[in-house]
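Listed here are the chains, written in short residue letters.
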Amino acid sequence: MKIQISREAKEYLENKSAEEFTVETFAAQSCCTGGMPMPYVYPGPPKTRSKNYNVFIEEGYKIYIENVIKFKEDTCNVEIEKYLFSKSLTALFFDYKHM
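These numbers were taken from a predicted model, which means no experiment stands behind them. (Residues numbered from 1 in each chain as written. Predicted model: local features only at pLDDT ≥ 70, side-chain atom pairs only at ≥ 80, totals over all residues. Heavy atoms only, no water.)

A. Highlighting the pattern of salt bridges. Taken as a whole, this structure holds four salt bridges when the rule is applied. The salt bridge involving E8 is made with K82; its shortest N-O contact spans 3.0 Å. Taken as a pair, E8 in helix α1 (residues 7-15) and K82 in strand β6 (residues 75-82) lie far apart in primary sequence, 74 residues in all. For E8, a relative accessible area of 32% gives the class partly exposed. (Salt bridge = Lys/Arg side-chain N within 4 Å of Asp/Glu carboxyl O. Helix = DSSP H or I, 4+ residues; strand = E, 2+ residues; numbered from the N terminus. Buried < 20%, exposed > 50% of the residue type's maximum accessible area, 1.4 Å probe, protein only.)

Written out as structure tokens, the structure reads:
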């Protein structure tokens, strides 16, 4: 798997003093998504032991990716989502057909 981390995402991780981060799914419950799995990316190791993860080292970061996640063209793009007053990490290009 190829993992690409944007410059803004690297700056975010540096500001959090994070040397590792986790990419997993959560089921968004809203009228528009209908329980579709959405990316949940956060600094640090996995918060739960109930999921299995593949571990990668990329650009000096230890990255845990939930093993059920598939990405288009086998590429995980980690970027920043900007909200009104905050920022968070996100993973782009989930391949929902293979999840």
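B. Examining unusual backbone geometry more closely. Notably, E59 is not glycine yet its phi reads approximately 50 degrees, a positive angle. On the basis of relative accessibility, which here comes to 44%, the residue E59 falls in the partly exposed class. Phi is positive for E73, close to 55 degrees, though the residue is something other than glycine. Classification of E73 by relative accessible area gives exposed; the value is 77%.

C. The arrangement of the pairing of strand β1 (residues 2-5) in detail. What you see with β1 is a clean split: I3 and I5 sit on the buried side and K2 and Q4 on the side with no burial. Here β1 runs beside β6; their pairing, made up of four bridges, is parallel. Note that in β6 the partner of I3 across the bridge is C76. (Pairing = 2+ DSSP bridges.)

D. Fine view of the sheet that holds strand β7 (residues 87-92). Here three strands make up an open sheet; going across it, the order is β1-β6-β7 and the pairing mixed. Edge positions in the open sheet fall to β1 and β7, since each of these has one partner strand only. Between one strand axis and the next, the sheet turns through 25 degrees on average, direction left out of account. (Axes fitted to C-alpha atoms, helices over the stretch in contact; angles between N-to-C directions.)

E. Seen up close, the nonpolar core. Membership of the largest hydrophobic core comes to 20 residues, with the highest contact counts inside it found for I5, F21, V23, I65, F71, V78 and L89. Going through the elements one at a time, β1, α1, β2 (20-27), β5 (61-66), β6 and β7 are the ones with two or more residues in this core. Beyond its immediate stretch of four places on either side in the chain, L89 contacts A9, Y12, L13, V41, Y42, P43, V78, E79 and I80. (Core = buried A, V, L, I, M, F, W, Y, C linked by side-chain atoms within 4.5 Å. Contact = heavy atoms within 4.5 Å.)

F. Region of the structure containing the pairing of β6. Pairing geometry for β6 and β7, over six bridges, is antiparallel. In the strand pairing of β7, I80 is matched with L89. In this structure, the hairpin formed by β6 and β7 is closed by a connection of four residues.

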